Amino acid sequence: GEVVREIRVPHPSPWAKVDAFIRNRFGGRSTLLFRDGHSDWCIIEDSRSWKDAVRYAIHNNSGKNPFLEVCLRKKKTSSVHNTIRPNGMNFPLCPRTVLDRPDGPWPTIDAKKKLPPVLTENKDSMLDDWVDLSGEKAKTFKKTGVDPVVPESVSFTINEESYTIEDIDPAMTLAVFLREIVHLTGTKIGCGEGGCGACTVFVEYPDNRGSHVLNSCLRPVASLQGCKITTVEGLGSERKGLHEIQDRLSKANGSQCGYCSPGMVMAMYGMLKRTDGKPSLMDTEDAFQGNICRCTGYRPIVEAAHSFADEKRARSSCRNNSTCVANTIVETETKDAKAVAAPKKLGNPEGLSWYIPKDLSDASGIVSNLANNKIAYRLVVGNTAMGVTKYYGEHISDSPQAFVDIGALEELRATSKTSYSLTVGAAVTLAELEKALKDFNSQRSLAIARHVHIVANHQVRNAGSWAGNLDTARTHPDFPSDVLLLLIGSEAELEVLECDSKSEQKQLRTTRMSALDYFNLGPDYSKGLIIVSAKFPLDEATGFFDSHKIMGRHVNTHAYVNMANCLSVDKSGTIQKAFMVIGGVKLGPFVAPKTTAYLKSKPLNAETLQAAVQVLNSELQAEKKLRREESKQKAKGLSPGTSPQLEPPFQYRLSLALTCFYKSFLAAVVNYSPDGEKALPASVRSAYIHYERSPNKATQNFDSNPDLAPVNTPVMKIAAPAQCSGEAKYTGDMADPGPETLHAAPVMSTMARATITSIDASAAMKAPGVVSVITAKDIKAIGGSNNAGSFPGDEMIFAEDEVICYGQQVALVVATSQHLAEKAASMVVVNYGAPKAPAVLGIDDAIKKGSFLEQNEYASQQNAVVTRGDVDKAWSNCPLIVTGDVRNSGQQHFYMETQTSLVEPDEAKRLRIEVSSQGPTTVRKQVSVALNKPANLIRVSTRRAGGAFGGKLSRNIPLVTACAVAAESLGRPVRSQLNRRVDMSMTGGRHPGMARYKVGFDKQGKITALTVDIFSDAGCTHDDTFGILDMGQAMMDNTYFIPNYRATAAACKTNTISNTDMRAPGVCSDIYYMESVIDRVAFETNLPPYAVREANFYNKDQKTPFGDPLEFITLQEVWDSLKTSSDFVKRSAAVEAFNKANRWRKRGIYMTPIKYGMTQMGYKLACNVSVCAEDGTVMVAHSGVEIGQGINTKVAQAVAYTLQVPLSQIVIQHNSTETIPNSTLTGGSGTSECAVNAALDGAQKLLSRLQPYLSKAKSWAEAVESAWRSGENLTAQGYWGGKPAKGVQGYKNPLYDYFVYCAACSEVELDVLTGVVQIVRTDIVYDCGQSLNQAVDVGQIEGAFMQSLGFYMQEATGYSEKTGQVLSAGTWDYKVPMVFDIPQEFNVTFLKTKNPAVINTLGSKAVGEPPYQLGASIFFAAKQAVYAARKDAGMTGFVRLDTPASPVELQMACGVQPEQLTF
């Protein structure tokens, strides 16, 4: 039947009003259910007896009942089925004769009889005063046979155009549909896991689910019936006009590579919709919880979002208030959808099923049937678990054959509340749960809501249900579910339906249980369980609730450890009840029974706290099952302590359990004490407070020279509007050349080192859609060469006889879709034999086994040893000598666009290749070798790359050559875009390294002797490792003159994926080593670190170890300027005062300098400058690649400046080897300058030809037309071929043309109890010379700094010690900085200088890589905070701290002990 309404009558003495209300409101034949607060439910079928029944219940219960509950049900049938109370109790069913009436007729009650006092005290109360539970409907579940509703079609709209899909493919996500079926490629797929936000779209539902942004990469198309979808293209375009969001993001220079920009736009759109166009500043920043940008450093994106905030609008008006999105976005008129002619037929190649049950009973039948027939199925609300479960143990539901869409079931969507509880249906999303908790507005509900808000991100919470998160924990016990923790910790009660079609019962039975009991049911899916609802007790009487989530990043990250605590304290200060649950210390939640038992009946004071801490400590230590190293780490092949970022050691997790309990206990003291916060000593008060971030503040300070315009002007990037509107095309966005286009996925090796005995592709070849499996044999068949390395034999396209690392490409599966290719790739079986030699894994293993890269005719190391003075003799004169070592983790590039290639056979045996690359010429060369095909038959083009950072110099070669072999073999276009996990497993990254040092110095901190021995993990091939080591060696001295100096560098050869160039390759780690030495000297001399640096600074009369003069040094000027602008001295005193006042929060402030050498030697770039005769517009083609660094904009500015035409008249053409066949790679920070040099050369040549006509013409266009009619060539090619002849006057630098000087000052705040760091403020002063484009250059500096922050603080790479597998592959395990990781105040200042070096570009200096090292200021500031914490703990001695300094390492370095946790 249909539940109409449930009402609760607090004191139902006015029973006549109850009767009148029921009859007047509902009438007709209905079923009346009633009970008092103590008895079972009674069900009355006859509405004639309502009045008597109510009176009878009141009379019989005398004064015992505090309330009467009444539930009505409209009669549709005469049968009554099992009814479930919303507040979590079963209605017991009695024999039918009892249901109708009691024995005999209802007794007559004398209306004059005096009723019990408790019932008469409210005799005048009105019905309006009763609690209306209209949203809290009782439910009737009736078991049905399996009658699945499998839709024949799904209809929805996208950007107001209607689409109908027939022959649905349940595996197809909305992102794939948008990109591949309707060709709306503005929506990107950056990770396919819901972790990066590039795929964000806005969805409006046809039912009560509302509207919100979500990850289209997770959302199945089959679930979108009736939905209205808005993508970035639906907001605006350059052709039709940009949406205000797109326009503001463009003008704020919020896009660099631009791959993330559409997702950022849609996140802002969702934020404005969510806040009705009136967001606060924090709302605007919070919108980007789920969006990653690897380029910008987030500041300009936040700035664009801030412009919509109420606070901003109150201070300044919009540029065009009438069209401001903040005023109009929520009032957008819905237009009728346009019809699309023909339905889209997707096909269902895997034969998957998609069920849409009509109601819960229907869902029960479907699930029961699937479970009993052992058919793998997945219950779907948002499908967000798809992005997570692959990281944990396999479960049958991870590869479902059937999907059951329960997201719209009314029974599971209900939310209701009473004065003491909140009941939410299982299909209620996490975002809806958060809102409902906030609306309840109790201490307990708000505390739970705060925790829910940091589960995943907006996109995931909007789509995913709380029950799905809980179910993921049950099926994957090692999944660190915050929802499970909160349900257990808040003592919520679940209602669970067991779907069993074999049962003879006609009604469905539900069970009440705790979340812990549900979790303990285990991952068995044969029971066919469906969670129905959860009831949260939320009133104040349930006690004080607090929870914590400690993670490696401030947002969008799973927990190291999470905890929920509840303490109920009476008026005397005695603990009446205690409950806690801890996650992350065992496989599943731990409820600490001994600790909670101890706390009961104890006073809420310091003695109880300390004793409880000791009990908890003992309880944790004794529980052997807590040691996950023996289970999870063993399963991953990861030894304990290999990578704290991936798997924190047990001791850290145990310590977090204690400190989180400590925090919650202190919070309870404040809550229950009449003195509030004053009940605690001032020094510990900061411990219990949940840190609240302030809105970001930022300044950018620079000058412009109007005489150079548009050069030296902060103009917007020319591609920004196209990027922000989604119109900018990347390699993966290019349309298929034809319907015959195939998709490819690599088969990776799964061993560190082994021989290949056979490759069995039979299962893959039988898989749906598979066309071929390409191996090394196919290369031989076409007469090609199996070579993908920088020289012959260094690296193969496909492994043949032996694999030398995990992740090496063994084969390529080619199929009709990317999804089918990837699925079939997992079916290829590579059989391995014994390795030719034992695998080498890690630097220590390589040193032990003597495994190092060897030099040859192709690869040589120039700077293996760098010396100055006589360091061996100098030791005897050193007053102080110390030795040490320091290590750095590797770092993944994490470019937003993964490796992508499209190879198309063309006429006359040609190949057309679109590839995301930093070197189209290099790609052409490698494909030519692989196919044994002349270079002139291969055209390679890179329109733009969605980020690169060095990762697309060489690591794209294995994939693009493999696709070329497939295309050549099959004669069909072949394309591939690696998924994020495969990309990170195959492509390597920054080299992990270690340095051993010995340093001699005096008491004033002056260093007189230093030796450093560097060991770098190259991986399994040479790649560019020798060049990287040479680059690092050349700059390791940094800003310090050390008279006696020797540095050595060795490349360790290991059986891990080959490492490669990454932004500031070699330099980043080597400067980290040098700064660590300086920091050690400061510690040993007890001098301020800045003073030690100043004592060792270079001056203009000195030279580098390579003989480079420093006559134009601006180091001291930069340093002094930073001291002033950052107010370093005053803030240092404030930091010291803060640390004295706070025991559990410490601050650190630190300044670090950089000297970075730049050369234009070796760059060879051309630039064609052409003018259109008919209107004078200019076309420019250069051989650099736009990878987000703004090279196209700077080239356009240079051409406009030279020709003196408006910048709007310049159009940059796409990079192609057909246009300019020869070029060096784009990288090393010098390409932009050299491309500008080539552009200046070409533009000047063209201007010289046009000069005679310009002097006579009235306009530029007239001069051009006149020149064309006179037969002038309107195309000129400029060229930059590297360093000019040695005889150029004034040129004397042997290694570098000039040096970039910059420095940063950062202040951080460390939570000593957890190790979590907040960056309070960062100031940067940068000598950029005469910047070509200040807006672009500031963005490069901020982006480099944030990427450096990742290297120093967050981004740990880890390898399995058994197989060499990259464990930090994917957004789940690898955490790049996000929006809440940026400094809360971020200031960048350009020094007012002009580059005076002989070799320079319009007085500018490079910006791409030099500022990268400035993140060291964060690292060492955090280390200063650690020292402050150790001082309070009575600890002395030097602290060895490696990168990244995660919360794990920082907290453990602070030496927090259980006995310290008191007040």
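Small disclaimer: the values here were computed from a predicted structure and weren't measured.

### Quick look at the overall build of the protein chain
- Within the protein chain, the secondary structure is distributed over 44 helices and 51 strands.
- Looking at the protein chain as a whole, 63% of its 1463 residues are labelled buried.
- Excluding contacts between residues fewer than 6 apart, the proportion of contacts in the protein chain whose partners are at least 24 apart in sequence is 79%.
- Accessible surface, the protein chain: about 51,800 Å² in total, of which carbon and sulfur atoms supply 50%.

### Points about the pattern of salt bridges
- One pass over the structure, following the stated rule, counts 56 salt bridges.
- Asp 845 is the salt-bridge partner of Lys 849, the closest N and O atoms lying 3.3 Å from each other. One end of the pair is Lys 849 and the other is Asp 845, both in helix α29 (residues 843–849) and 4 residues apart, which spans about a single turn.
- On the basis of relative accessible area, Lys 849 is assigned to the partly exposed category, the value being 43%.
- Owing to a relative accessible area of 19%, Asp 845 belongs among the buried residues under this scheme.
- Residue Lys 1423 pairs with Asp 1079 through a salt bridge whose shortest N-O separation is 3.2 Å. Of this pair, Lys 1423 sits in helix α43 (residues 1416–1432) while Asp 1079 sits in helix α35 (residues 1067–1085), and the two are 344 residues apart along the sequence.
- Residue class for Lys 1423 comes out buried when judged on its relative accessible area of 5%.

### Notes on the nonpolar core
- Ranked by size, the top nonpolar core spans 207 residues in total, and within it Ile 582, Phe 661 and Met 1353 carry the most contacts.
- In terms of residues, this core owes the most to one element, helix α24 (residues 650–672), which gives 15 residues.
- With near-sequence residues (within four places) excluded, Phe 661 lies in contact with Met 563, Asn 565, Met 580, Leu 599, Leu 609, Ala 612, Val 613 and Leu 616.

### Points about helix α37 (residues 1115–1125)
- Listed as buried for α37 are Leu 1115, Val 1118, Trp 1119 and Leu 1122. Seen along its axis, α37 keeps its buried residues to an arc of 95°; they face one direction.

### Examining the sheet that holds strand β46 (residues 1210–1212)
- A sheet is described by the order of its strands in space; here 4 strands give the open sequence β46-β45-β44-β48, paired in mixed fashion. Lying at the two open borders of the sheet, with one neighbouring strand each, are β46 and β48 (1275–1280). Strand-to-strand, the axes of this sheet are offset by a mean angle of 20°, without reference to chain direction.
- In the sheet, strand β44 (residues 1165–1171) pairs with β48 via 6 bridges, with the strands oriented antiparallel.

### Some remarks on the sheet that holds strand β23 (residues 559–569)
- One open sheet holds the 3 strands; their spatial order is β22-β23-β24, and the pairing between them is antiparallel. This sheet does not close on itself; its edge strands, each paired only once, are β22 (544–551) and β24 (575–583). Direction aside, the axes of adjacent strands within the sheet are offset by 10° on average.
- Pairing of β22 with β23 involves 8 bridges; the strand directions are antiparallel. The residue of β23 that forms the bridge with Ile 550 is Val 561.
- On top of the sheet, helix α16 (residues 443–452) reaches β22 and β23; it is set at about 10° to β22, its chief contact.

### Structural notes on helix α32 (residues 957–970)
- When the terminal C-alpha atoms of α32 are compared, their 20 Å separation across 14 residues agrees well with the 20 Å that a helix rising 1.5 Å per residue should span.
- When you tally the buried positions in α32, you get 11 out of 14 residues, the bulk of the element.
- Once α32 ends, the next one or two residues include Gly 971, with phi positive near 70°.

### Points about the packing of aromatic side chains
- Under the defined criterion, the tally for this structure stands at 32 aromatic pairs.
- Geometrically, the ring pair formed by Tyr 1150 and Phe 1420 is stacked, given 5.3 Å between the ring centres and 25° between the ring planes. On the criterion of sequence distance, the pair formed by Tyr 1150 in strand β43 (residues 1145–1158) and Phe 1420 in helix α43 is long-range, its members being 270 residues apart.
- Judged by relative accessible area, which is 2%, Tyr 1150 ranks as buried.
- Taking the relative accessible area as the measure of exposure, Phe 1420 reaches 0% and is therefore buried.
- One aromatic cluster is present, formed by Tyr 1072, Tyr 1073, Tyr 1150, Phe 1351, Tyr 1352, Phe 1419 and Phe 1420 through successive ring pairs.
- Its end group placed over the ring of Phe 308, Arg 248 keeps NZ or CZ at 4.0 Å from the ring centre.
- One residue, Lys 952, lies across the ring of Tyr 895, its end atom 4.7 Å from the ring centre.

### Looking at the environment of Asp 801
- Mapped onto the elements of the fold, Asp 801 is located in the loop between α27 (776–781) and β29 (802–803).
- If sequence neighbours within four positions are ignored, Asp 801 has contacts with Ala 754, Thr 755 and Ile 756.

### Here we look at the environment of Gln 918
- Among the secondary structure elements, Gln 918 is positioned in the loop between β36 (911–915) and α31 (920–931).
- For the pair Gln 918 and Arg 944, spaced 26 residues apart in the sequence, the C-alpha separation amounts to 9.1 Å.
- The residues touching Gln 918, leaving out its near neighbours within four places in the chain, are Ala 948, Phe 949, Gly 950, Gly 951, Lys 952, Leu 953, Val 1185, Ile 1187, Leu 1225, Thr 1226 and Gly 1227.
- At a separation of 3.1 Å, a polar atom in the side chain of Gln 918 contacts the main-chain amide nitrogen of Gly 950.
- Separated by 3.4 Å, the side chain of Gln 918 and the backbone nitrogen of Gly 951 make a polar contact.

### Some remarks on the environment of Trp 1119
- Relative to the elements of secondary structure, Trp 1119 occurs in helix α37.
- According to the relative accessible area criterion, Trp 1119 is buried, its value standing at 0%.
- Expressed as a C-alpha distance, the spacing of Trp 1119 and Val 1325, which sit 206 residues apart in the sequence, is 7.9 Å.

### Let's talk about the confidence of the model for the protein chain
- Across the protein chain, the average pLDDT comes to 88, with 85% of residues at or above 70.
- Across residues 43–50 the pLDDT falls below 50, and counting only partners more than four positions away or on other chains, this stretch makes 37 contacts in the model.
- Below a pLDDT of 50 lies the segment residues 629–645, which in the model reaches 44 contacts outside its immediate sequence neighbourhood of four places, other chains included.

### So, the pairing of β23
- The element β23 is largely enclosed, with a buried count of 11 among its 11 residues.
- The pairing of β23 with β24 spans 8 bridges and is antiparallel. Within the sheet, the bridge partner assigned to Val 569 lies in β24 and is Ile 575.
- Between β23 and the antiparallel strand that follows it, β24, lie 5 residues; Gly 573 among them carries a positive phi value of about 85°.

### Structural notes on the packing of helix α39 (residues 1191–1203) against helix α40 (residues 1231–1254)
- Contact geometry of α39 with α40 gives a least axis separation of 9 Å together with a crossing angle of 30°. Judged by the inter-axis angle, α39 sits roughly parallel to α40. Regarding α39 and α40, the two cross each other, and that crossing is right-handed. Along the contact surface, α39 presents Ile 1191, Lys 1194, Val 1195, Ala 1198, Val 1199, Thr 1202 and Leu 1203, while α40 presents Thr 1231, Ser 1232, Ala 1235, Val 1236, Ala 1239, Leu 1240, Ala 1243, Gln 1244 and Leu 1247.
- For the contact of α39 with α40, the class distribution of residues is 11 nonpolar, 4 polar and 1 charged.

### Things to note about the side chain of Asp 1002
- Examined against the element boundaries, Asp 1002 turns out to sit in the loop between β40 (993–1001) and β41 (1007–1019).
- No salt bridge forms around the buried Asp 1002; measuring N to O, its nearest opposite-charge neighbour Lys 1006 is 7.9 Å away.
- Polar side-chain contacts of Asp 1002 include one of 2.9 Å to the backbone nitrogen of Lys 1006.
- Residues within four places of Asp 1002 in sequence aside, it is in contact with Pro 879, Leu 880 and Thr 1085.

Definitions and cut-offs
Residues numbered from 1 in each chain as written. Predicted model: local features only at pLDDT ≥ 70, side-chain atom pairs only at ≥ 80, totals over all residues. Heavy atoms only, no water. Helix = DSSP H or I, 4+ residues; strand = E, 2+ residues; numbered from the N terminus. Buried < 20%, exposed > 50% of the residue type's maximum accessible area, 1.4 Å probe, protein only. Contact = heavy atoms within 4.5 Å. Areas by Shrake-Rupley, 256 points an atom, 1.4 Å probe, with all protein chains shown as cover. Salt bridge = Lys/Arg side-chain N within 4 Å of Asp/Glu carboxyl O. Core = buried A, V, L, I, M, F, W, Y, C linked by side-chain atoms within 4.5 Å. Arc of directions from axis to C-beta. Pairing = 2+ DSSP bridges. Axes fitted to C-alpha atoms, helices over the stretch in contact; angles between N-to-C directions. Expected span 1.5 Å × (residues − 1). Phe/Tyr/Trp six-rings, centres within 6.5 Å; stacked < 30°, edge-to-face > 60°. Lys NZ or Arg CZ within 6 Å of the ring centre and 35° of its normal. Polar contact = N/O pair within 3.5 Å; in protein donor to acceptor, adjacent residues only side chain to side chain. pLDDT = per-residue confidence, 0-100. Parallel < 35°, antiparallel > 145°, perpendicular 65-115°, else oblique. Left-handed = near helix turned anticlockwise from the far one by under 90°. Nonpolar A, V, L, I, M, F, W, Y, C, P; charged D, E, K, R; others polar. Lys, Arg positive; Asp, Glu negative; His and termini not counted.

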